[in-house]
Amino acid sequence: MPEIAIKENTIKQICFHCGEICQSNSYVKDDHHFCCNGCKTVFELLSENGLENYYLFDKSPGVTVISGPRRSHYKYLDEEKIRQGLLSFSSPNHSAVRLMLPTIHCSSCIWLLENLHTLNKGILNVSVNFSEKIAKIDFDPKSIALSELAETLQMIGYPPSLEWNKNKKPSKSNHEKQTALKIGIAGFCFGNIMLLSFPEYLGFTGVNNQQLKLLFSYLSMLLALPIVFYCSQHYFRSALKSLRAGFLNIDVPISLGIATLFLRSVYEVVFTVGNGYFDSLAGLLFFLLIGKWLQERTYSGLSFERDYKSYFPISVYKIDESEVQSAIPLEQIEIGDRLFIRNQELIPADARLLSDTASIDYGFVTGEAIPVNLMKGDQLYAGGRLLGKGIQIIIERRVAQSYLTELWNNKAFRKNGNHLSGKLINKVSRYFTLVIISLALLAAAYWLMVDSSKMWAVVTSILIVACPCALALSVPFTLSNAMFVLGKINCFVKNTDVIEDLYDVDTIVFDKTGTITEDSANGVKFVGSNLTKKELQGVLTLANNSSHPISRLIVSHLQVTINPLSDRLSGYCEQQGSGIEAIFENNTFRLGSINWVKDKLAIKDEGSNRTFLSINGEYRGYFDFGVKYRKGLKQLIDSLSTKYQLFILSGDNDKERNALSKLNIPIECMRFHQSPHDKLAFVEELQKNGKNIMMIGDGLNDAGALKQSDVGVAVTNDCNAFTPASDVIMLGNKLMDILWILKLARFARFIIIGCFILSFLYNIIGLSFAVTGNLSPVLAAILMPVSSISVLLMATASIKIFAYIKHRTS
Amino acid sequence: MSIIILLLIISLTIAGGFLAAYIWSVRSGQYDDVNSPSIRIFMDGSIKDHEKKQD
């Protein structure tokens with residue numbers, strides 16, 4: 001067979017559009033190879049419209065176009081109610097909409113989307129926010145309907161994700177803008193006050209210097225007003241709030257410091273005693289605000305707060321008595337409604353199947369990659385994704401009461417994430433504040449007896465110098481640097497508090513499916529009579545025609561060694577929920593369920609995850625989809641088990657018990673047949689025993705446990721894919737870095753404590769001047785920035801070095 | 001000495017001008033997306049430019 005030999009030896013072409021390996025040479029246009037018809041169509045469409053430049057910015061910039069929903073799928077977008085819900089602006093000639101396009105990934109994407117108006121004149125303007133993957137689109141509703149717009153985007157490989165409550169949120173909250181403004185104003189005042197204070201530092205003597213001195217002082221006071229009354233508002237508010245709650249947080253000594261600094265300085269200036277400490281005040285606020293900004297920075301493109309609503313489509317098709325379909329919003333679904341679900345759509349609520357068969361992918365809910373085949377009358381659970389032909393279902397429970405969504409009614413989802421008392425800085429500040437206040441009182445008592453005229457000066461000096469500026473900076477700078485370092489290894493942390501929580505973790509709970517196992521072709525094996533190369537080629541070519549996940553797994557397993565020969569296949573047919581059949585070089589290949597193969601020999605091999613093969617009616621064997629554990633899992637478990645207590649929870653049956661028992665985990669720490677509610681309850685039970693839990697999971701079935709745990713880690717293969725609400729989102733292949741992440745959290749804690757000690761040293765130096773009544777404004781102005789900057793440097797440099805060492809060794 | 005007062009007024013006015021510009025830029029949303037423009041700058045010769053040249 002020389003022909004086949006040649007084909008096998010040719011280097012596989014890379015798709016010009018999306019960069020996937022081309023399985024066949026049938027899609028060629030203008031000397032460019034494409035992996036599928038979809039990619040070729042996009043290329044044709046773009047080149048016809050003069051958009052070839054799309055391919056210039058990046059190599060193979062496109063996204064594989066999955067033959068997804070057609071126009072009719074987006075029809076519901078034209079329903080007035082849904083349309084109004086989505087549009088951010090609407091007038092007869094001009095509408096604007098913000099759409100989340102999860103496939104945006106490179107500069108070419110921006111270019112193509114922002115030039116969309118050449119594809120369709122109805123699109124007026126598009127601007128893309130790259131990090132948030134959001135496109136703001138202005139269009140003319142008269143010439144292009146919203147559904148048409150969505151379809152256009154889908155056609156070129158950017159299907160909009162249309163979920164509840166997601167698309168309308170403005171990109172940046174007012175709060176962030178406020179912080180930016182505060183930093184700007186504080187910086188302005190700080191710089192100018194410093195300038196005005198220079199003569200004082202340098203011992204300025206000139207003619208008329210008394211008058212000038214006065215002018216400079218009053219100007220400084222004027223510049224300090226916005227600092228006290230605008231920039232430091234939130235410190236006062238937070239301090240008041242914590243006092244009311246009977247708790248001393250770090251903002252109490254800060255506010256006390258700011259207030260005393262300002263009042264004493266005003267007093268000095270008004271009574272011409274001195275020049276005040278306005279420079280220190282402004283510098284303090286400037287650094288504090290930068291720290292605050294760093295701490296509040298988050299990954300805006302990722303969503304950590306998803307509830308069930310964000311998983312479901314915004315509307316569904318209801319069938320009324322007269323068999324007419326109409327789109328209704330999700331919240332209007334009632335028990336007893338008949339709904340029509342299309343290919344690739346989610347089942348919105350628990351229901352019963354009215355159509356004959358259906359193939360449902362519960363991967364979303366359970367993490368299980370293999371779809372379930374169901375018959376008429378079977379129960380369907382919310383969250384399952386339909387594969388194949390559209391089905392009719394009858395609703396049995398409302399959306400919010402469904403088996404899965406009920407999880408969100410659990411109190412775990414209502415708990416307030418802002419736990420005040422737990423954080424290290426607040427624990428320290430409680431004692432710190434008490435020490436400072438008692439010190440001030442002691443000094444006051446002493447000076448009252450010795451020299452009462454000096455008392456107020458000393459007390460205020462103590463409060464000023466003790467203002468825990470460096471203390472307050474150490475946490476944000478250390479943690480935000482740690483967060484940044486983690487982001488570099490594709491582990492995204494919700495906010496800086498999570499890194500502190502990581503330190504306290506003493507128990508790690510793993511989910512099994514999808515977390516410590518991976519869906520990959522490596523687990524696929526064929527059991528049965530030996531197949532010739534030709535026969536394997538037939539199976540591969542047959543499976544290559546189907547988009548069913550099982551077929552895809554078989555394809556990725558086989559294509560490592562051989563190539564499909566699409567041109568030799570004929571008579572392909574696919575029976576939803578049963579299997580596929582085709583003729584390959586005069587042999588009939590059948591691949592599918594046991595009933596599809598219909599063979600007595602096959603019956604004895606029956607097992608849950610198996611797909612059977614027959615050639616010319618003769619049973620040949622089955623494909624088994626074994627569980628594949630992630631590489632390095634054993635070493636990870638071994639190294640973790642010395643420090644942490646480990647548990648494994650699985651929604652599956654216990655057939656993997658033996659494989660798992662080889663790991664260094666006691667048998668009683670493994671639980672099987674765990675429902676989502678069981679997992680939540682298990683975590684809760686552990687917490688009652690005083691454990692701090694890190695839950696690592698992936699599917700929606702872990703959502704409750706992730707939320708309940710102290711640190712919930714969602715493992716995903718694509719950061720933009722759906723992940724349940726969690727504190728950390730990390731890529732699956734980074735799971736082995738868990739140990740390092742925990743080490744980093746410990747190191748960060750160590751550094752914070754180091755910074756605390758450093759700032760206490762500065763405080764002790766300052767206080768020794770203050771209690772003796774020798775604190776001059778110059779000394780304060782030097783001491784404060786020096787302490788802040790040294791803490792800042794220590795925090796930043798040490799975390800960076802820690803990350804660098806890891807980078808070097810790995 | 002009046003020259004110092006004059007200089008003071010000038011310097012504060014200029015600095016105040018920059019502050020006002022900064023406040024305006026934050027308010028008008030120029031800092032909302034600091035990532036995309038850095039990519040966009042490399043795209044010369046886009047279709048938008050062609051159309052503008054033709055106008």
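Caption draft 1: Highlighting the packing of aromatic side chains. Residues and elements named next belong to chain A. Enumeration over the complete set of coordinates arrives at 17 aromatic pairs over all chains. Arranged with centres 6.3 Å apart and planes meeting at 45°, the rings of F612 and Y619 form a pair that is tilted. Pairwise contacts between aromatic rings join W740, F747, F750 and F802 into one cluster. Geometry around Y230 places K182 over its ring, the cationic atom sitting 6.0 Å from the centre. The ring of Y431 is capped by R430, whose NZ or CZ atom sits 6.0 Å from the centre of that ring.

Caption draft 2: Structural detail: the interface of chain B and chain A. Taken together, the 27 residues of chain B in the interface contact 33 residues of chain A. Summed over both partners, the interface of chain B with chain A buries about 2,600 Å², with 68% contributed by carbon and sulfur atoms. At the junction of chain B with chain A, the criterion picks out zero salt bridges. The tally of links between chain B and chain A comes to two residue pairs in polar contact (both at pLDDT 80 or more). If you list the elements that add at least two residues to the side of chain B that touches chain A, you get α1 (2-27), α2 (36-40) and α3 (47-54) of chain B. In the side of chain B that touches chain A, the residues fall into 15 nonpolar, six polar and six charged.

Caption draft 3: Representation of the environment of I41 of chain B within the structure. Its location among the elements puts I41 of chain B in the loop between α2 and α3. Considered as a pair, I41 of chain B and Q30 of chain B are eleven residues apart in the sequence and their alpha carbons are 15 Å apart.

Caption draft 4: Structural detail: the confidence of the model for chain A. Residues and elements named next belong to chain A. Of the residues in chain A, 83% reach a pLDDT of 70 or more, and the chain-wide mean stands at 78. Counted against residues more than four places away or in other chains, residues 1-10, with its pLDDT under 50, gives 13 contacts. Within the model, pLDDT remains below 50 along residues 164-168, and this stretch shows 22 contacts once partners closer than five positions in the same chain are excluded.

Caption draft 5: Spatial organisation of the pairing of strand β9 (residues 338-341) of chain A. All names here are of chain A. Strand direction decides the pairing type here: strand β7 (residues 315-319) and β9, joined by three bridges, are antiparallel. Bridge pairing in β9 places K318 opposite L339. The sheet contact formed by β9 and strand β15 (residues 391-395) spans four bridges and is antiparallel. Within β15, the position partnered with L339 by the bridge is I393.

Caption draft 6: Just the sheet that holds strand β16 (residues 491-493) of chain A, in detail. Residues and elements named next belong to chain A. Pairing is mixed in the open sheet, where seven strands are placed in the order β16-β30-β29-β28-β17-β26-β27. With one partner strand each, in any of the chains shown, β16 and β27 (670-671) form the two edges of the open sheet. Sheet strands touched by helix α26 (residues 738-771): β16, β17 (507-511), β28 (693-697) and β30 (728-731). Its angle to β28, the strand with the most contacts, is close to 150°.

Caption draft 7: Quick look at the confidence of the model for chain B. Residues and elements named next belong to chain B. Scored by pLDDT, chain B has a mean of 77; 75% of the residues are at 70 or more. Here α3 is the element of chain B with the lowest mean pLDDT, 44, and α1 is the one with the highest, 91. Note on residues 47-55: pLDDT under 50 across the span, and twelve contacts to partners over four residues away in sequence or across chains. Scored as a complex, the prediction yields pTM 0.73 and ipTM 0.83.

Caption draft 8: Up close: helix α5 (residues 107-114) of chain A. Burial within α5 of chain A is extensive, with eight of its eight residues counted as buried. Considered for burial, the residues of α5 of chain A that qualify are S107, S108, C109, I110, W111, L112, L113 and E114 of chain A.

Rules used throughout
- Residues numbered from 1 in each chain as written.
- Chains lettered and ligands numbered in written order.
- Predicted model: local features only at pLDDT ≥ 70, side-chain atom pairs only at ≥ 80, totals over all residues.
- Heavy atoms only, no water.
- Phe/Tyr/Trp six-rings, centres within 6.5 Å; stacked < 30°, edge-to-face > 60°.
- Lys NZ or Arg CZ within 6 Å of the ring centre and 35° of its normal.
- Contact = heavy atoms within 4.5 Å.
- Buried area = accessible area lost by both parts, 1.4 Å probe.
- Salt bridge = Lys/Arg side-chain N within 4 Å of Asp/Glu carboxyl O.
- Polar contact = N/O pair within 3.5 Å; in protein donor to acceptor, adjacent residues only side chain to side chain.
- Helix = DSSP H or I, 4+ residues; strand = E, 2+ residues; numbered from the N terminus.
- Nonpolar A, V, L, I, M, F, W, Y, C, P; charged D, E, K, R; others polar.
- pLDDT = per-residue confidence, 0-100.
- Pairing = 2+ DSSP bridges.
- Axes fitted to C-alpha atoms, helices over the stretch in contact; angles between N-to-C directions.
- Buried < 20%, exposed > 50% of the residue type's maximum accessible area, 1.4 Å probe, protein only.

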